[in-house]
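Spelled out from the first residue to the last, the chains are:
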Amino acid sequence: QIDKLNEIDFIWSVRKHQWEQRFIEVKEFIETNGHSCIPSTLEYKSLQAWCGTQRKFWKMKQANATVACALTDEREERLESINFDWQT
């Protein structure tokens, strides 16, 4: 049964799927616009919020926060690979 679900691209983790979708969106935005400073327009409202959350998690990691952080090393590396600006 698991194989059949995998064949139809069943989403096992909604949070991982949502992160992947936003990553693709920000990657496409950067490819089109040359930067990751998402405008505060209705069209980009949720993407801008997501980017802000990634930056907040990154700052927490930089400060060696002891709380659990959703920005894994792998996710950080993937964002860096598309020239995501952590300071915007």
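In this text, all values refer to a predicted model and were calculated from it rather than measured experimentally.

1. A few points about the overall build of the protein
The number of helices and strands found in the protein is 4 helices and 0 strands. Along the protein, from the amino end to the carboxyl end, the secondary structure elements read α-α-α-α. When burial is assessed residue by residue, the protein has 24% of its 88 residues classed as buried. Residue pairs in contact within the protein that sit at least 24 positions apart in sequence constitute 51% of those at least 6 positions apart. Of the accessible surface of the protein, which amounts to about 6500 Å², a share of 50% is contributed by carbon and sulfur atoms.

2. Focus: the pattern of salt bridges
Pairs can form between side chains of opposite charge whenever their charged atoms are close. A full pass over the atoms with the stated rule returns 4 salt bridges. Residue R22 is joined to E25 by a salt bridge in which the shortest nitrogen-to-oxygen separation is 2.7 Å. Note that R22 and E25 are positioned in helix α2 (residues 14–33) at a spacing of 3 residues, about one turn of the helix. Classification of E25 as partly exposed rests on a relative accessible area of 31%. The partner of K61 in a salt bridge is E76, with the nearest N and O atoms 2.8 Å apart. Taken together, the residues span a long stretch of sequence, with K61 in helix α3 (residues 45–62) and E76 in helix α4 (residues 73–81) at a distance of 15 residues.

Rules used in this analysis
Within each chain, residues carry numbers counting from 1 in the order of the written sequence. Given that the model is predicted, a residue must reach a pLDDT of at least 70 before its local features are reported, and side-chain atom pairs must reach 80 or more before they are shown or counted; all residues, however, enter totals for whole chains, interfaces and linings. Heavy atoms throughout the structure, all of them, feed into the side-chain values; hydrogens and water do not. Note on conventions: DSSP H or I runs of at least 4 residues are helices, E runs of at least 2 residues are strands, and numbering of each starts at the N terminus. Residue burial is assigned from relative accessible area. The probe radius is 1.4 Å, only protein chains are included, and a residue is buried under 20% of its type maximum, exposed over 50%, and partly exposed in between. A contact between two residues is defined here by any heavy atoms of the two lying within 4.5 Å. Shrake-Rupley sampling with a 1.4 Å probe provides the accessible areas, and residues are treated as covered by the protein chains on show and by no other component. Salt-bridge detection follows one rule: a side-chain nitrogen of Lys or Arg within 4 Å of a carboxyl oxygen of Asp or Glu.

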